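# Coordinate analysis (summary)
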Amino acid sequence: MPTARFLDSLQTVPATAWDALHDGRNPFVSHAFLSGLETYGCLREDWGWQPQHFTLWDGDALVGAIPGYLKTNSHGEFVFDHAWANAYARHGRDYYPKWLGAVPYSPVTGPRLLARDDAQRTALLTALREQLPALDVSSAHINFHTAADETVFDDDWLLREDIQFQWQNPGDWVTFEAFLGAMDHKHRKNIRQERAKVGRQGISFRVVHGDEATRADLQAMYRFYLQTFLEYGNAPALTEAFLRHLAVSLGRGLVLFLAEQDGEPIAGALCLRGGDTLYGRYWGGATLPGLHFEACYYQGIEYCLREGVARFEPGAQGEHKLARGFLPTIVRSRHWVADAEFAEALRDWCRQERRDVRRYQQELQGHGPFRAEP
């Protein structure tokens, strides 16, 4: 029988063993990304992130894993459960610590149950349930899992759904003009006007991959990242050393869109590239008309069209993305609650939330930018 272990660091697992458990198409579950967060100071226990990865071993061979963390708050998760924590507190109970299977700070759908087939994913999930009491946690949560993972959860894992705005090429767009051509006149005109504003300000863009980024490129992007967090009064979690690590370890998988004016970088957007998806993660820079939309959306769409990348996920939230071609897409998470009474109450809560999310998605679809098919 496989042996289950919680690990407080990925440094104890060879990268080749970890990466053999997934197909390599999602950079966020790679050993390089996850171990880099630990090594380069992006996870701090006082921020509520304590690595506690769940693994299954057959002798010395790693056969299953879930990137996981002990959480003492809900910071940086993007599946909001503050109402659950408040309900626990009103009943004199402790909601924290909880265990979270996710990628820190990254509301990106991807594999979470890392194993070679459904049988091993099922065994992994069963073993996790058996081992959770040893952690003395209120609950376990697996955020932004894939459809492949979805098939192995049973009814004890409560289902939550939410909306993200994502771009997808139906297959016949090969240029930005072809993409615009699928829109109605109003939305097509608005996008052209936004892009024209950027051009009139003398702003140009450089697309820089990790394997060609200079130290100055990375320093500029990190400066823009810091600026955004400071403007919103939030503490930046990522370090410049981590960004340099991504450039080396991911190479072409790191994509920077750097805006320049008079030869100087003034803004940038940081993306990661997977097998068929571009993932928009961070942006920062000058507050000039149209620059945010150009850096975060239009440059990414052009990149996908040029490179043959089918999907573009620009991050969580933001109804303004709809008018720019990003359609409402369902994302999912699963939740196991140790207390049976709380679990039953939350089951009804989740059911109502899913109805509300589906209704919201329908409403949004009625305001999309694309022309209706005959």
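Residues numbered from 1 in each chain as written. Predicted model: local features only at pLDDT ≥ 70, side-chain atom pairs only at ≥ 80, totals over all residues. Heavy atoms only, no water.

By the naming in an unreviewed UniProt entry, the protein chain is GNAT family N-acetyltransferase, taken from Stenotrophomonas indicatrix.

### As for the overall build of the protein chain
Scanning the protein chain from N- to C-terminus turns up 11 helices and 14 strands. In terms of its C-alpha atoms, the protein chain occupies a principal-axis envelope of roughly 60 × 45 × 40 Å. Within the protein chain, the proportion of its 374 residues that are buried is 54%. When contacts within the protein chain are restricted to residue pairs at least 6 apart in sequence, those whose partners lie at least 24 apart make up 76%. Accessible area for the protein chain stands at about 16700 Å²; split by element, carbon and sulfur atoms hold 50% of it. Averaging the positions of the 39 positive and the 48 negative side-chain charges in the protein chain gives two centres separated by 6 Å. (Helix = DSSP H or I, 4+ residues; strand = E, 2+ residues; numbered from the N terminus. Buried < 20%, exposed > 50% of the residue type's maximum accessible area, 1.4 Å probe, protein only. Contact = heavy atoms within 4.5 Å. Areas by Shrake-Rupley, 256 points an atom, 1.4 Å probe, with all protein chains shown as cover. Lys, Arg positive; Asp, Glu negative; His and termini not counted. Charge placed at Lys NZ, Arg CZ, Asp CG, Glu CD.)

### As for the environment of Arg192
Relative to the helices and strands, Arg192 resides in helix H7 (residues 185-200). Given the relative accessible area of 40%, Arg192 is considered partly exposed. Those residues within four positions of Arg192 in sequence are excluded, and the remaining contacts are Glu177 and Leu180.

### What about the side chain of Lys71?
Within the element layout of this structure, Lys71 appears in strand E5 (residues 68-71). With residues up to four places along the chain from it excluded, the contact list for Lys71 reads Gly48, Trp49, Glu77, Tyr96, Pro97, Lys98 and Leu100.

### Observations regarding empty space enclosed by the protein
Per the stated rule, a full pass over the model turns up 2 cavities of 30 Å³ or more. Empty space within the largest cavity amounts to approximately 160 Å³. As for the largest cavity, its lining consists of 18 residues, and the residues nearest its centre are Leu238, Phe242, Leu246, Leu270 and Tyr282. Broken down by secondary-structure element, the contributors of at least two residues to the lining of the largest cavity are helix H2 (31-39), helix H8 (215-231), helix H9 (240-250), strand E11 (264-273) and strand E12 (277-285). Here the residues of the lining of the largest cavity are counted per class, giving 15 nonpolar, 2 polar and 1 charged. If you go around the second largest cavity, the residues you meet are Phe78, Phe80, Pro107, Phe144, Asp162, Ile163, Gln164, Ala316, Gln317 and Val331. It is strand E8 (residues 158-168) that provides the largest number of residues to the lining of the second largest cavity, a total of 3 residues. (1 Å grid on protein atoms, 1.4 Å probe; cavity = no way out; pocket = protein on both sides within 12 Å on 5 of 7 lines; lining within 4 Å. Points joined across faces, edges and corners; volume = space filled by probe spheres on them. Nonpolar A, V, L, I, M, F, W, Y, C, P; charged D, E, K, R; others polar.)

### With respect to helix H3 (residues 82-90)
Of the positions making up H3, those classed as buried are Trp84, Ala85, Ala87 and Tyr88. End-on, the buried residues of H3 take up no more than an arc of 160°, which puts them together on one face. Opposite its buried face, H3 presents the exposed residues Ala89 and Arg90, each directed more than 90 degrees away. Where the residues of H3 are buried, they touch strand E7 (139-143), E8, strand E14 (327-337) and helix H11 (340-365). Positioned one or two residues after H3, Gly92 has a phi angle of 70°, which is positive. (Arc of directions from axis to C-beta.)

### Topic: the pattern of salt bridges
On inspection of all chains with the given rule, the structure shows 26 salt bridges. Its salt-bridge partner being Asp211, residue Arg252 comes within 3.5 Å of it at the nearest N-O pair. Of this pair, Arg252 sits in the loop between H9 and strand E10 (254-261) while Asp211 sits in the loop between strand E9 (203-209) and H8; the two residues are 41 residues apart in sequence, bridging distant segments of the chain. Exposure remark for Asp211: the relative accessible area of 48% places this residue in the partly exposed category. Shared partners join several salt bridges into a network, and the residues in it are Lys71, Glu77, Asp81 and Lys98. (Salt bridge = Lys/Arg side-chain N within 4 Å of Asp/Glu carboxyl O.)

### Topic: the packing of aromatic side chains
Evaluation of the coordinates by the stated rule reveals 27 aromatic pairs. When the centroid spacing of 6.3 Å and the interplanar angle of 50° are considered together, the rings of Phe229 and Tyr282 count as tilted. Of this pair, Phe229 sits in helix H8 while Tyr282 sits in strand E12, and the two are 53 residues apart along the sequence. A single burial state applies to Phe229 and to Tyr282, both of which are buried. (Phe/Tyr/Trp six-rings, centres within 6.5 Å; stacked < 30°, edge-to-face > 60°.)

### Observations regarding the packing of H3 against H11
The angle between the axes and the distance between the axes are what describe a pair of packed helices. Orientation of H3 relative to H11, taken along the N-to-C sense of each, is 145°, at an axis distance of 12 Å. Between H3 and H11 lies a crossing of right-handed hand. Side by side, H3 and H11 meet where Trp84, Ala87 and Tyr88 of the first sit next to Phe342, Leu346, Trp349 and Cys350 of the second. Tallied by class, residues from the contact of H3 with H11 come to 7 nonpolar, no polar and no charged. (Axes fitted to C-alpha atoms, helices over the stretch in contact; angles between N-to-C directions. Left-handed = near helix turned anticlockwise from the far one by under 90°.)

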